[in-house]
Amino acid sequence: MITTMKIKVHKETLYVLSLMLAALSIAMSVVANLGTSVYTVPALALASKIHGALPPTWNPGVISVIGSQPFSELIIQTMFLIIFCIIIRKFRPFFLLSFVTTFIYAVMLYGFQWIPAFWPEIVHNYPLAVRIVLLLSAIIIMSISVTCSLKGYLYPPTVTFVQKGVIQHFNIKHEGLFFLVYDFVFMILSIFIIYAVYQDWQFWNYNLSYGTLANVLLCGPLIGVFSKLFDKAFETKTLLPKWEKAFEIENKKGY
C-alpha cells in the first residue's frame, strides 16, 4: 500500500497567511466594484460618511486613516463583538484576541489599498472583463483564507469568531445552512444600513450587488472543497504548543 507524504505546515503560518489572503481578497473585490463581501459593505458605507464629515483642515494622513475602509472595519467588528457578548450574556478577556486579529487584518488591508492597482482613479479604467476576473479571484482567495484560518487555533477576525461562537452557544447542528442564512440576513440588514447612511435605497450603487450575492452563495461550498483538499495534502503542527494549549483550555469553557 502506497502512502502519500503530506506537506507539514505550521498553524501560526496559516494564521498569518489567512489574514494576508483575506485582506487581499477584500481589496480585489472592492476594486472590482461589482459587489464585495456582505460584511465589507457596511464598512464602505461608514467610511464614506466619516471621510466626508472630517474637517478638511485636518492632517491629510489622519484623514486617510480615520476615513478609510479598514478603520470602519474596526468599528463595525467592535459592534459585532459587543452585540455577541450581550446575546450570550458573557464576556471573557480571551474574546478580545479576535479583535487583535481584526486589527492585524485591517492594517494589512490598508497596506494593500496603498498599491496603485487598488487606487480608485485606476479602477475606473479597468474593463468589465477584468473586473469580473478580479471578483471571482477574490471569492476564491477569500475561501482559501477561511480554510487556512479553520486549520489553526488562533482566533479568526471578529466576524468569523462571532459566527463560530453563535454556533457553539446555541448548539447549531447544520453549520453550512447557518452560514448561508446568517450571510443572507446580514445582506438584507446591509441594505438598511446603506439607507441609514446615504438615505438612498439604490444599494447596488454602494458595492452591494450581484458580486455580494455570489460571495454568499459560492464561499461556503468552496471552503468545503478547499478544506478537503487541504486535509489530503497538508499536515499541521504548531510552533507554540503552550499557546495552543492555552487556547484549548479557553475553548473548553464554551461561549
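Coordinates for the structure precede this section.
Just so we're clear, the structure is a prediction, and the values are computed from it rather than from any experiment.

Q: Could you give me a rundown of the pattern of salt bridges, with the residues and numbers involved?
A: Considering all chains together, one arrives at three salt bridges under this definition. Salt-bridge contacts for Asp231 lead to Lys151; the nearest nitrogen and oxygen are separated by 3.0 Å. Linking Asp231 in helix α10 (residues 210-233) with Lys151 in the loop between α7 (128-150) and α8 (158-169), this pair joins segments that are 80 residues apart in sequence. Looking at Lys151, the relative accessible area reads 18%, which means it is buried.

Q: Please set out the side chain of Glu12 residue by residue, giving values where relevant.
A: Along the polypeptide, Glu12 turns up in helix α1 (residues 11-32). At 7.8 Å, Lys11 is the nearest oppositely charged side chain to Glu12, a buried residue that forms no salt bridge. From its side chain, Glu12 meets the backbone nitrogen of Leu240 in a polar contact 3.2 Å long. Setting aside its immediate chain neighbours within four residues, Glu12 contacts Tyr153, Lys237, Thr238, Leu239 and Leu240.

Q: Can you lay out the packing of aromatic side chains for me, pointing to particular residues and giving the numbers?
A: Scanning all chains against the criterion turns up 17 aromatic pairs. Aromatic pair Phe91 and Phe95: ring centres 6.2 Å apart, planes at 90 degrees, arrangement edge-to-face. The class of Phe95 is buried, set by a relative accessible area of 0%. Arranged with centres 5.6 Å apart and planes meeting at 90 degrees, the rings of Phe192 and Trp201 form a pair that is edge-to-face. Site record: aromatic cluster; members linked through ring pairs are Phe84, Phe91, Phe94, Phe95, Tyr153, Tyr155, Phe161 and Phe247.

Reading the values: the criteria
Residues numbered from 1 in each chain as written. Predicted model: local features only at pLDDT ≥ 70, side-chain atom pairs only at ≥ 80, totals over all residues. Heavy atoms only, no water. Salt bridge = Lys/Arg side-chain N within 4 Å of Asp/Glu carboxyl O. Helix = DSSP H or I, 4+ residues; strand = E, 2+ residues; numbered from the N terminus. Buried < 20%, exposed > 50% of the residue type's maximum accessible area, 1.4 Å probe, protein only. Lys, Arg positive; Asp, Glu negative; His and termini not counted. Polar contact = N/O pair within 3.5 Å; in protein donor to acceptor, adjacent residues only side chain to side chain. Contact = heavy atoms within 4.5 Å. Phe/Tyr/Trp six-rings, centres within 6.5 Å; stacked < 30°, edge-to-face > 60°.

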